[in-house]
Amino acid sequence: MVREAGKEDLQEILELYLCLHEQSVPEPSEHLAQTWEQIIEDKNHHLLVNEVSGQIVSSCVCVIIPNLTRNVRPYAFIENVVTHSAFRGHGYASECLQYAGQIARENNCYKMMLLTGSKEKKTLDFYKHAGYNSTDKTAFIQWLKE
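Bear in mind that the values here come from a model prediction, so they are computed numbers and not experimental data. (Residues numbered from 1 in each chain as written. Predicted model: local features only at pLDDT ≥ 70, side-chain atom pairs only at ≥ 80, totals over all residues. Heavy atoms only, no water.)

Visitor: Just checking my understanding: could you explain the overall build of the chain for this structure?
Guide: Within the chain, the secondary structure is distributed over four helices and five strands. Its C-alpha radius of gyration of 16 Å places the chain within 12% of the 15 Å reference for a compact globule of 146 residues. Per-residue burial over the chain gives 35% buried out of 146 residues. Taking all contacts inside the chain whose residues are at least 6 apart in sequence as the whole, residues at least 24 apart take part in 61%. Surface exposure of the chain reaches about 10,000 Å², of which carbon and sulfur atoms provide 52%. Of the charged side chains in the chain, 14 are positive and 19 negative; the average position of the first set lies 13 Å away from that of the second. (Helix = DSSP H or I, 4+ residues; strand = E, 2+ residues; numbered from the N terminus. Rg over C-alpha atoms; globule rule 2.2 N^0.38 Å. Buried < 20%, exposed > 50% of the residue type's maximum accessible area, 1.4 Å probe, protein only. Contact = heavy atoms within 4.5 Å. Areas by Shrake-Rupley, 256 points an atom, 1.4 Å probe, with all protein chains shown as cover. Lys, Arg positive; Asp, Glu negative; His and termini not counted. Charge placed at Lys NZ, Arg CZ, Asp CG, Glu CD.)

Visitor: Teacher, can you tell me more about the sheet that holds strand S4 (residues 75-83) here?
Guide: Pairing within the open sheet is mixed, and its five strands lie in the order S1-S2-S3-S4-S5. Bordering the open sheet on either side are strand S1 (2-4) and strand S5 (112-114), each of which pairs with just one other strand. When the angles between neighbouring strand axes are averaged without regard to direction, this sheet yields 30 degrees. Helix H3 (residues 92-106) contacts S1, strand S2 (45-52), strand S3 (55-65), S4 and S5 of the sheet and is inclined by roughly 30 degrees relative to S3. (Pairing = 2+ DSSP bridges. Axes fitted to C-alpha atoms, helices over the stretch in contact; angles between N-to-C directions.)

Visitor: Sorry, what's going on with the state of the cysteines here?
Guide: Between two cysteines, a covalent bond joining their sulfur atoms is known as a disulfide. The tally for this structure, following the rule as stated, stands at zero disulfides. No disulfide involves Cys 19; its sulfur sits 14 Å from that of Cys 96, the nearest cysteine. No disulfide involves Cys 96; its sulfur sits 5.0 Å from the nearest other cysteine sulfur, which is in Cys 60. Residue classification places Cys 96 among the buried residues on the basis of a relative accessible area of 0%. (Disulfide = S-S within 2.5 Å.)

Visitor: How should the side chain of Ser 59 be read in this particular structure?
Guide: Tracing the backbone shows Ser 59 in strand S3. Relative accessible area serves as the criterion here: at 0%, Ser 59 is assigned to the buried category. A distance of 2.7 Å separates a polar atom in the side chain of Ser 59 from the backbone oxygen of Leu 48. Every residue in contact with Ser 59, bar those within four places of it in the chain, is listed here: Leu 16, Tyr 17, Leu 47, Leu 48, Val 49, Asn 80, Val 81, Val 82 and Cys 96. (Polar contact = N/O pair within 3.5 Å; in protein donor to acceptor, adjacent residues only side chain to side chain.)

Visitor: Sorry if this is basic, but what is going on with the pairing of S2 here?
Guide: Both faces of the sheet carry side chains from a regular strand, because those side chains alternate between them. Here S2 lies mainly inside the structure; six of its eight residues are buried. Judged from the eight bridges that link them, S2 and S3 form a sheet pairing that is antiparallel. Counterpart to Leu 47 in the pairing with S3 is Val 61. Count of turn residues in the S2/S3 antiparallel hairpin: two residues, of which Ser 53 carries a positive phi of about 50 degrees.

Visitor: Please clarify how H3 should be interpreted in this entry.
Guide: Given 3.6 residues per helical turn, the α-helix brings residues three or four places apart onto the same face. Helix length check: H3 (15 residues) gives 21 Å between terminal C-alpha atoms against 21 Å at 1.5 Å per residue, within 8%. Turning to H3, its buried residues are Tyr 92, Ala 93, Cys 96, Leu 97, Ala 100, Gly 101, Ile 103 and Ala 104. Against S1, S2, S3, S4, S5 and helix H4 (121-129) lie the buried residues of H3. Where H3 terminates, the next one or two residues include Asn 108, which has phi positive at roughly 60 degrees. (Expected span 1.5 Å × (residues − 1).)

Structural data, given as structure tokens:
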């Protein structure tokens, strides 16, 4: 079942992110608590989770970004798409992306975008199968130092 994350889901989401690219779960801190509160309270920030038997097995983030072009229509940015390694290949991430697409349509978005750092054919084929393409835009990233 795909749903929006609730305040009680933080620890389980942080643990799921270990299957994404994180090396460890952040220590509890005021900064973590404030960031989590900001995410949960932001009407344009949708952290989606997919549960199986009460366990969060997949997730993605869908951020609706207000925009002054394209007839003042917003766009959606998808980030942190992840499925627990033991649950991959069952369509759970696809369900998250479909739910994100529903949110984007409800918000009158004119496009959805996502970036991936993966070069694995399996991952790239997953995004293509989900309806994304890598031919319309060119992405550039500048990593900022801490």
